[in-house]
Amino acid sequence: MSLYPWQGELWQRLTAERERLPHALLLHGPAGIGKRDLAMELARWLLCHAPTAGGACGQCPSCLWFGQGGHPDFRLIEPASEAEGAEEGKKGGRRITVDQVREVVEFLTLTSHQGGWRAVVLQPAEGLGIAAANALLKTLEEPPPKTVFLLVSHQPRRLLPTILSRCRKLAVPGPEQATAVAWLRDQAVANPESLLAESGGAPLLALDHAEPERMARRERFLAGLARPEREDLSALAGEYQQRVGEAWAWLIRWLCDVLLCRATGQVRFFIDHVDAIRQAADGMDEARLWAAYRQILSDGRWLQHPLNGQLLLESWLIRYADLGARR
Ligand SMILES: [Zn+2]
């Protein structure tokens, strides 16, 4: 475990003095920039027996426990379905349960194993429903001594005011573009600029997106959008019926790029497909393009529901194909 290159300055500020770390800290910022890893590293540093300015020592018993995921003075609360819930376009199914919160509250009533610090990482904080938040409030407001709560949030505006008011808020910045590109190149990502653009500048998302099978799916899907024929797009809907969320995210970004390209000649997300987007943008009626974009964007709410994914995707793609058909 280590910090990302763009987190050094924030780390220095946070760790200048252990005793002055607030007992409840809310780390917020865009998804995919490493907030969770930063919180985990802070927790590891707090629990470490021989911490330095640079971080945890990595060798003491505490660091070893932490590395094995079983530190007795540490708890991580996150939704059980976090791995699947993280899929793009899917925002449901990311709830932290009341039982998870109660377990941690109870854990904090015991004395710490090491007689030192205890840390709780909770993420995403927007996964706390009202009942789970209520179960946490009292402990969050007055935790036992030497206890630190590290809450992580991608969408702090969705947090309950009762939670927000009990935390010190800290905006976690993402990297500069050049830093992110260099880091992605170090991770052996072949096309860092375009993946970073597609991921809205979030390097960890870009790294996920670099997975070869996904890249192949992306290319097939974008090739379909570049030459929109009704029949081909119907077939595409069949092929992507199990991945409607992924396809939806590509289609929305593509439409954004088409709209932006018409207005400014630039694209934002698919910088490796700028010619195809320019061509698509040429033949489309602006008002109908906006209408389709708004409709498909708002249809994103159906992604959490067990509807017929193929039909939904097909309706979007046919609507898209028709944009270019009637010039
Ligand atoms: Zn250590």
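**Remarks on the coordination of the zinc ion**
Okay, so step 1: Within the protein, the zinc ion binds to C48 (SG), C57 (SG), C60 (SG) and C63 (SG); these donor distances fall in the range 2.3 Å.
Okay, so step 2: In terms of primary sequence, the donors binding the zinc ion are separated according to C-x8-C-x2-C-x2-C.
Okay, so step 3: Using a relative accessible area of 4% as the deciding quantity, one classes C48 as buried.

**So, the packing of helix 13 (residues 244-264) against helix 15 (residues 286-299)**
Okay, so step 1: Where helix 13 contacts helix 15, the axes come no closer than 10 Å and their chain directions differ by 155°. On the basis of the axis angle, helix 13 is roughly antiparallel to helix 15. Of the two possible hands of crossing, helix 13 and helix 15 adopt the one that is left-handed. Packed against helix 13, whose contacting residues are W248, L251, I252, L255, C256, V258, L259 and R262, the element helix 15 presents E286, L289, W290, Y293, I296 and L297 at the interface.
Okay, so step 2: Here the residues of the contact of helix 13 with helix 15 sort into 12 nonpolar, no polar and 2 charged.

**A word on helix 15**
Okay, so step 1: The terminal C-alpha atoms of helix 15, which comprises 14 residues, lie 20 Å apart, in line with the 20 Å expected from a rise of 1.5 Å per residue.
Okay, so step 2: Among the residues of helix 15, those classed as buried are L289, A292, Y293, I296 and D299. Buried positions in helix 15, seen along its axis, are confined to an arc of 130° and lie on one side of it. Turned more than 90 degrees from where helix 15 packs its buried face, A287 and R294 sit exposed.

**Focus on the sheet that holds strand 4 (residues 147-153)**
Okay, so step 1: Ordered in space as 2-3-4-1-5, the 5 strands form an open sheet in which the pairing is parallel. What marks the edges here is a single partner per strand, and that holds for strand 2 (74-77) and strand 5 (168-171). Direction aside, the axes of adjacent strands within the sheet are offset by 20° on average.
Okay, so step 2: Here 5 bridges tie strand 1 (residues 24-28) to strand 4, and the two strands are oriented parallel to one another. If you follow L27 over to strand 4, its bridge partner there is V152.
Okay, so step 3: Strands in contact with helix 2 (residues 35-47) are strand 1, strand 2, strand 3 (118-122) and strand 4; relative to strand 4, the strand with the most contacts, it is inclined by about 170°.
Okay, so step 4: Helix 5 (residues 98-107) contacts strand 2 and strand 3 of the sheet and is inclined by roughly 165° relative to strand 2.

**Remarks on helix 11 (residues 212-226)**
Okay, so step 1: With 15 residues, helix 11 extends 21 Å between its outermost C-alpha atoms, agreeing within 8% with the 21 Å of an ideal straight helix rising 1.5 Å per residue.
Okay, so step 2: Taken together, the buried positions of helix 11 are occupied by R214, M215, R217, R218, F221, L222, G224 and L225.

**Quick look at the packing of aromatic side chains**
Okay, so step 1: Considering all chains together, one arrives at 10 aromatic pairs under this definition.
Okay, so step 2: Their ring planes at 85° and their centres at 5.5 Å tell us that Y4 and W183 sit as a pair that is edge-to-face. Of this pair, Y4 sits in the segment before helix 1 (8-14) while W183 sits in helix 8 (residues 177-186), and the two are 179 residues apart along the sequence. Of the two residues examined, Y4 and W183, each falls in the buried class.
Okay, so step 3: Ring plane angle 50° and centroid distance 4.7 Å describe the contact between F66 and F74, whose orientation is recorded as tilted. Of the two residues, F66 and F74, both sit in the buried class.
Okay, so step 4: Within the aromatic cluster, the residues linked to one another by ring pairs are Y4, W6 and W183.
Okay, so step 5: A cation sits over an aromatic face here: R118 above F107, 5.7 Å from the ring centre.

**Examining the domain arrangement of the protein chain**
Okay, so step 1: Domain annotation of the protein chain identifies domain 1 (5-174) and domain 2 (211-325).
Okay, so step 2: With centres defined by C-alpha atoms, the gap from domain 1 to domain 2 works out at 37 Å.

**Focus on the environment of G224**
Okay, so step 1: Structurally, G224 is set in helix 11.
Okay, so step 2: Note on G224: relative accessible area 16%, which makes it buried.
Okay, so step 3: Each C-alpha atom, one on G224 and one on P145, is 59 Å from the other, the two residues being 79 residues apart in sequence.
Okay, so step 4: Ignoring anything within four residues of it in the chain, the contact list for G224 reads L233 and L236.

**Quick notes on the environment of P51**
Okay, so step 1: Tracing the backbone through its elements, the reader meets P51 in the loop between helix 2 and helix 3 (61-67).
Okay, so step 2: For the pair P51 and C63, spaced 12 residues apart in the sequence, the C-alpha separation amounts to 9.8 Å.
Okay, so step 3: Sequence-distant contacts of P51, defined by excluding residues within four places in its chain, comprise R18 and W45.

**Focus on unusual backbone geometry**
Okay, so step 1: A cis geometry characterises the amide bond from Q123 onward to P124, with omega recorded as -10°.
Okay, so step 2: The residue K146 is not glycine, and still its phi comes out positive at about 55°.
Okay, so step 3: Note that K146 resides in the loop between helix 6 (130-141) and strand 4.
Okay, so step 4: Here A188, not a glycine, exhibits a phi torsion of approximately 65°, which is positive.

The rules behind these values
Residues numbered from 1 in each chain as written. Predicted model: local features only at pLDDT ≥ 70, side-chain atom pairs only at ≥ 80, totals over all residues. Heavy atoms only, no water. Donors = N, O, S within 2.8 Å, 3.2 Å for Na, K, Ca; no water. Buried < 20%, exposed > 50% of the residue type's maximum accessible area, 1.4 Å probe, protein only. Axes fitted to C-alpha atoms, helices over the stretch in contact; angles between N-to-C directions. Helix = DSSP H or I, 4+ residues; strand = E, 2+ residues; numbered from the N terminus. Parallel < 35°, antiparallel > 145°, perpendicular 65-115°, else oblique. Left-handed = near helix turned anticlockwise from the far one by under 90°. Contact = heavy atoms within 4.5 Å. Nonpolar A, V, L, I, M, F, W, Y, C, P; charged D, E, K, R; others polar. Expected span 1.5 Å × (residues − 1). Arc of directions from axis to C-beta. Pairing = 2+ DSSP bridges. Phe/Tyr/Trp six-rings, centres within 6.5 Å; stacked < 30°, edge-to-face > 60°. Lys NZ or Arg CZ within 6 Å of the ring centre and 35° of its normal. Domains from an automatic or database assignment.

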